[in-house]
Amino acid sequence: MTIPTFILKNALRNKRRALLSISSVAVSLFLLVTLQVALRELTIPPQSAGAELRVAVRNKISLTNPLPARQRGIIEKIPGVEAVTPFTWFGGKYKNEGGMSFAQFAMDADKLRSVFGEAKMDMDGYEKFNATKDACVLGKITADKYHLKVGDHITLDSTVYPGSLTFTIAGIYAGTPDDRNMLFRQDYLDESIGEPGYVGMWWLKVKSANDMAPVIKAVNAAFQNSAAEVRAESERNFQLGFISMLGNIKTLIASISTVVVFTLVLVTASTMSMAVRERFRELAILKALGFRRREMFAFILAESFGLAVTGAALGIGGAYCLYTFGDIGKLTAGIFVSFEVTPRIMGFAALVAAVLGIVSAVAPSLSVARMSVVNGLKTLD
Amino acid sequence: MALPLTYNFRNVLVRWRATLATILGIGLVVAVFVLVQALAVGLEKSASNTGDPRNIMIVRKGSTAESTSQVSLEQFQIIRYWDQIARDSTGAPLVSADVVTLISQPRSDGRGEANVSVRGLTPVGMALRPQVKLVSGRWFAPGKREVAVSQKLARRFTGFHVGDTFRTAGNTLTVVGEFDGSNSAFDSEVWMDADETRSLFDRQNYSSLLVRAANPQAGKEIISRIENDKRLPLLAEPEVKYYGDQTATALPIKILGNFLATAMSIGAVFAAMNTMYASVGSRTREIGTLRVLGFRRRTILAGFIIEGALLAAIGGGLGCLLALPLHGVSTGTMSFNSFSETVFEFRITPWLAAKGMIFAVVVGIIGSLLPAIRASRLPVITALKSV
């Protein structure tokens with residue numbers, strides 16, 4: 001019998017316990033990966049193509065305060081600005097659903113391609129969106145969810161403006177990190193609410209990456225001390241602003257992850273101790289035969305490491321498969337659209353498993369090291 | 001004959017080294033379960049603490065938050081002098097026309113900004129919300145750019161303590177007082193004078209009306225009168241119901257809580273099983289002896305299940321104790337309704353603690369079921385022979 005088969009036989013001699021230990025490590029690491037991915041999704045939102053050339057301009061008071069439409073002319077004249085479009089939150093509810101299931105924004109039809117070029121749609125869609133006042137374009141996820149197709153009409157009750165509006169779907173787009181939004185025409189909204197002369201916010205496309213900082217500075221300066229001061233920022237910073245609003249949720253998830261890891265160490269270490277205590281007599285015989293302490297430690301370590309790593313492979317692999325091939329929108333009731341298990345998170349979970357395997361071997365090894373051969377041989381169970 | 005409970009209890013104690021990790025493990029699982037649920041309870045509690053049963057809330061039909069609702073001056077004038085509205089000692093109707101807007105403020109921990117609700121209101125509006133009490137400084141003076149801030153909010157943002165100033169909408173506002181909202185939704189608000197709010201934020205309309213009905217019957221009449229008046233595209237609801245519907249924010253937290261409870265309980269069941277199998281394994285001879293003494297299979301079965309349940313219950317109790325220090329600690333996140341910071345407390349109710357205990361005991365019973373069956377099926381003679 002070779003040393004590796006000896007270790008393997010030992011690990012599997014109580015198959016039930018090995019299975020239970022592996023399963024509990026697997027479940028815990030699955031949970032850890034899930035929490036880490038959720039934390040990452042909340043704190044590092046997916047970046048869309050073209051984000052590095054986009055600037056978001058909102059009212060300095062807060063995102064919910066409108067901006068005067070007359071600002072457009074001033075922004076357009078700022079050097080480095082390629083295109084400007086209003087972007088107004090409509091807050092529409094579809095089909096008397098309890099809450100809002102997708103976001104809708106009013107914008108300029110002819111600016112869709114220049115500002116949000118990553119939203120891919122056929123040419124026909126762009127032409128219809130430009131030509132028809134009540135046209136809208138819909139993200140593929142939402143279109144699929146409600147079985148909507150080009151040419152269908154949808155009616156939304158606004159929670160922000162009085163009444164409801166009916167739209168005709170001109171196209172269905174895909175290719176953004178979150179293909180759920182609906183975009184429709186600002187002039188259609190203005191007409192229906194009596195031309196109030198306000199928009200929600202502005203989105204800008206700058207000509208090159210070098211123009212970003214000067215444009216942001218110029219936009220902020222242009223409306224300093226005016227009736228509506230603005231906050232211009234890169235798309236990335238704008239997204240991070242949303243994350244800051246989530247407040248203590250991040251801390252909550254991070255602390256739960258810590259508790260999960262701690263519980264995991266505790267339970268696995270206790271299982272290892274049980275496994276070792278059960279065979280004290282055998283280990284005493286090994287000692288009597290002349291095996292050294294570090295060899296005994298290696299036996300225990302290899303076993304506990306093996307259990308931890310097998311559990312880790314199952315848990316991390318399971319999480320990876322579920323979140324990569326499963327429908328995450330359905331799993332999380334629409335809270336997350338992407339749920340990417342990154343190599344970094346998998347590496348972190350594997351590291352936790354490795355440390356776990358080592359730590360769990362320490363306590364039992366110490367008691368084996370301390371045991372005298374005579375007492376060990378006397379042990380009954 | 002049943003095994004005496006002390007037998008089970010002392011068994012748990014005698015093997016404390018082996019059981020300690022399991023008890024701690026179950027304890028931590030229960031603590032996480034209770035704490036996440038305590039957040040959801042706290043959010044719901046803050047909504048249910050807010051309404052006064054005598055008050056009627058009036059907002060624009062179709063709006064989901066006060067900050068996106070609009071009530072025009074004409075609409076306010078139509079409703080103001082209705083007979084169904086209670087009057088104060090001077091004969092003035094108890095109607096509060098409020099303006100609610102959001103401002104973006106830097107957090108005190110330096111990690112970015114968040115939206116904060118600002119409510120512009122009059123002394124009548126304050127009288128209609130008696131749960132809000134001043135704790136330091138003074139109330140804002142009408143006609144001045146002064147604000148009073150919720151004490152809990154003041155801790156979370158910069159420039160919100162008494163004596164501080166902050167800039168918004170091109171003006172400087174001075175904080176003159178801090179108030180306590182008695183764990184209501186007003187704990188997440190900044191209060192200032194209604195007319196000042198309207199001029200500062202350039203608002204022609206009010207956001208909402210809060211009226212005190214003269215009596216319960218009058219309250220119903222106000223609601224149906226607004227419903228039937230074509231000039232008023234408004235929605236009137238008892239204030240209690242309005243805030244009761246504002247708990248959508250609790251939903252993702254509940255989903256998180258249920259997911260964690262499920263995943264962690266599976267892990268805890270495995271741990272409990274391991275411990276109980278080991279316990280059965282090391283007591284094979286003892287079980288044989290019990291059988292020889294005349295204890296029946298089902299008694300042994302029940303005995304081990306009770307032992308597992310007991311073990312888990314100790315863990316559950318420990319978990320509740322671990323969670324308890326966080327009771328009443330305030331925390332905050334963005335409300336999906338108002339799109340602004342909402343402050344609430346961890347609330348560990350007796351029912352929630354009981355749920356945690358039930359959860360623990362269920363984990364214990366499921367975890368000990370298979371080991372108990374194994375114990376009860378041990379053949380007597382082999383069991384006695386085992387070392």
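Keep in mind that this is a model prediction, so the values were computed, not measured. (Residues numbered from 1 in each chain as written. Chains lettered and ligands numbered in written order. Predicted model: local features only at pLDDT ≥ 70, side-chain atom pairs only at ≥ 80, totals over all residues.)

### What to know about the overall build of chain B
So, step 1. Counting secondary structure elements, chain B contains 13 helices and twelve strands.
So, step 2. Radius of gyration (C-alpha) of chain B: 29 Å, far over the 21 Å computed for a compact globule of 387 residues.
So, step 3. Based on the C-alpha atoms only, the size of chain B along its principal axes is roughly 95 × 50 × 35 Å.
So, step 4. When each of the 387 residues of chain B is scored for burial, the buried share is 52%.
So, step 5. A fraction of 83% describes how many contacts in chain B between residues 6 or more apart in sequence connect residues 24 or more apart. (Helix = DSSP H or I, 4+ residues; strand = E, 2+ residues; numbered from the N terminus. Rg over C-alpha atoms; globule rule 2.2 N^0.38 Å. Buried ≥ 20, exposed ≤ 12 C-beta atoms within 10 Å, placed from the backbone. Contact = placed C-beta atoms within 7 Å.)

### With respect to the overall build of chain A
So, step 1. When its secondary structure is counted, chain A shows 15 helices and twelve strands.
So, step 2. Over its C-alpha atoms chain A spans a radius of gyration of 30 Å, topping by over 25% the 21 Å that the globule rule assigns to 381 residues.
So, step 3. For chain A, the C-alpha atoms occupy an extent of roughly 95 × 45 × 35 Å along the three principal directions.

### What to know about the interface of chain B and chain A
Frequently, the measure chosen for interface size is the accessible area that the parts lose on association.
So, step 1. With 52 residues of chain B at the interface, the matching set in chain A holds 46 residues.
So, step 2. Listed by contribution, the elements that provide at least two residues to the side of chain B that touches chain A are helix H2 (16-48), strand S2 (95-106), strand S3 (113-121), helix H9 (250-282) and strand S11 (330-334) of chain B.
So, step 3. Among the elements that make up the side of chain B that touches chain A, the one with the highest residue count is H9 of chain B (14 residues).
So, step 4. Looking at side-chain class alone, the side of chain B that touches chain A contains 27 nonpolar, 19 polar and six charged residues. (Nonpolar A, V, L, I, M, F, W, Y, C, P; charged D, E, K, R; others polar.)

### Examining the environment of lysine 355 of chain B
All names here are of chain B.
So, step 1. Considering the arrangement of structural elements, one finds lysine 355 in helix H12 (residues 350-376).
So, step 2. A tally of 18 C-beta atoms within 10 Å means that lysine 355 is categorised as partly exposed.
So, step 3. C-alpha of lysine 355 to C-alpha of glutamine 37: the two residues are 318 residues apart in sequence and 9.9 Å apart in space.

### A short note on the sheet that holds strand S8 (residues 164-173) of chain A
Consider a sheet: its strands pair through backbone hydrogen bonds, and that pairing is either parallel or antiparallel.
Residues and elements named next belong to chain A.
So, step 1. Spatially, ten strands are ordered S4-S7-S8-S6-S9-S5-S3-S11-S1-S12 in an open sheet, and the strand pairing comes out mixed. Only two strands of the sheet have a single partner each, and these edge strands are strand S4 (92-94) and strand S12 (230-234). Direction aside, the axes of adjacent strands within the sheet are offset by 35° on average.
So, step 2. As paired strands, S4 and strand S7 (residues 153-158) are joined by three bridges and run antiparallel to one another. Residue pairing across strands places tyrosine 94 opposite leucine 156, the latter belonging to S7.
So, step 3. With respect to the sheet, helix H5 (residues 123-131) is in contact with strand S6 (135-139) and S8, its orientation differing from that of S8 by roughly 155°.
So, step 4. Its contacts with the sheet put helix H8 (residues 212-222) on strand S1 (54-59), strand S3 (81-89), strand S11 (201-206) and S12, and the angle it makes with S12 is roughly 170°. (Pairing = 2+ DSSP bridges. Axes fitted to C-alpha atoms, helices over the stretch in contact; angles between N-to-C directions.)

### Examining the nonpolar core
So, step 1. In terms of nonpolar packing, the biggest core is built from 159 residues, with Leu29 and Val33 of chain A together with Val32, Val34 and Ile58 of chain B touching the most fellow members.
So, step 2. In contact with valine 32 of chain B, other than residues within four places in its own chain, are Ile256 and Val259 of chain A together with Leu260 and Met264 of chain B.
So, step 3. Formed by 51 residues, the second largest nonpolar core is a distinct cluster that contains Leu112, Phe129, Leu165 and Met201 of chain A. (Core = buried A, V, L, I, M, F, W, Y, C linked by C-beta atoms within 7 Å.)

### Some words on unusual backbone geometry
Residues and elements named next belong to chain B.
So, step 1. In this structure, asparagine 183 takes a positive phi of about 55° despite not being glycine.
So, step 2. Tracing the backbone shows asparagine 183 in the loop between strand S7 (171-180) and strand S8 (189-193).
So, step 3. A positive phi angle, near 55°, is found at aspartate 202, a position not held by glycine.
So, step 4. Within the element layout of this structure, aspartate 202 appears in the loop between helix H6 (194-200) and strand S9 (208-212).

### Considering the confidence of the model for chain A
So, step 1. A residue-level look at chain A finds 97% of positions with pLDDT of 70 or above and a mean pLDDT of 87.
So, step 2. Across chain A, the element-wise mean pLDDT spans from 72 in helix H13 (residues 328-331) of chain A up to 95 in strand S9 (residues 182-185) of chain A. (pLDDT = per-residue confidence, 0-100.)

### As for the pairing of S6 of chain A
All names here are of chain A.
So, step 1. Extensive coverage of S6 is indicated by the burial of five of its five residues.
So, step 2. Side chains Ala135, Val137 and Gly139 project from S6 onto one buried face, and the interleaved Cys136 and Leu138 project onto a second face that is buried too.
So, step 3. Of the strand pairs in this sheet, S6 and S8 are connected by five bridges, and their pairing is parallel. What sits directly across from leucine 138, in S8, is isoleucine 172.
So, step 4. As defined by bridge partners, S6 adjoins S9 across three bridges and the pair is classed as antiparallel. Bridging across to S9, cysteine 136 finds its partner in phenylalanine 184.

### As for the environment of arginine 80 of chain B
Residues and elements named next belong to chain B.
So, step 1. Residue position: arginine 80 is located in helix H3 (residues 73-80).
So, step 2. Of the residues examined, arginine 80 has 14 C-beta atoms within 10 Å and is grouped as partly exposed.
So, step 3. C-alpha separation for the pair arginine 80 and alanine 92, spaced twelve residues apart in sequence, amounts to 9.7 Å.
So, step 4. When residues no more than four places from it in sequence are discounted, the contact partners of arginine 80 are Pro93 and Val95.

### Details of the environment of isoleucine 61 of chain A
So, step 1. In this fold, isoleucine 61 of chain A is placed in the loop between S1 and strand S2 (67-68).
So, step 2. Residue class for isoleucine 61 of chain A comes out buried when judged on the 24 C-beta atoms lying within 10 Å of it.
So, step 3. When the C-alpha atoms of isoleucine 61 of chain A and valine 230 of chain A are compared, they prove to be 7.9 Å apart, with 169 residues separating the residues in sequence.
So, step 4. Discounting residues that sit within four places of it in the chain, isoleucine 61 of chain A has contacts with Ile103, Ser104, Thr168, Ala169 and Phe201 of chain B.

### Quick notes on the pairing of S3 of chain A
All names here are of chain A.
So, step 1. Two elements, S3 and S11, share six bridges in a ladder whose sense is antiparallel. Looking across to S11, one finds that alanine 83 is bridged to lysine 205.
So, step 2. In terms of strand pairing, S3 meets strand S5 (residues 104-107) through two bridges, oriented antiparallel. Within S5, the residue paired with threonine 88 across the bridge is alanine 106.

### Comments concerning the packing of helix H11 (residues 297-323) of chain B against H12 of chain B
All names here are of chain B.
So, step 1. Here H11 crosses H12 at 150°, and the two axes come no closer than 7 Å. Between H11 and H12, the angle is such that the two are roughly antiparallel. Judged by the twist between their axes, the crossing of H11 over H12 is right-handed.
So, step 2. Grouping the amino acids of the contact of H11 with H12 by side-chain chemistry returns 21 nonpolar, ten polar and three charged. (Parallel < 35°, antiparallel > 145°, perpendicular 65-115°, else oblique. Left-handed = near helix turned anticlockwise from the far one by under 90°.)

### Concerning the packing of helix H1 (residues 5-14) of chain B against H11 of chain B
Residue and element names in this part refer to chain B.
So, step 1. At their nearest, the axes of H1 and H11 sit 9 Å apart, and the two run at 55° to each other. In this view, H1 runs oblique relative to H11, as classed from their interaxial angle. Two packed elements cross with a definite hand, and for H1 against H11 that hand is right-handed. From H1, Asn8, Phe9, Asn11 and Val12 reach across to H11, where they touch Gly303, Ile306, Glu307, Leu310 and Leu311.

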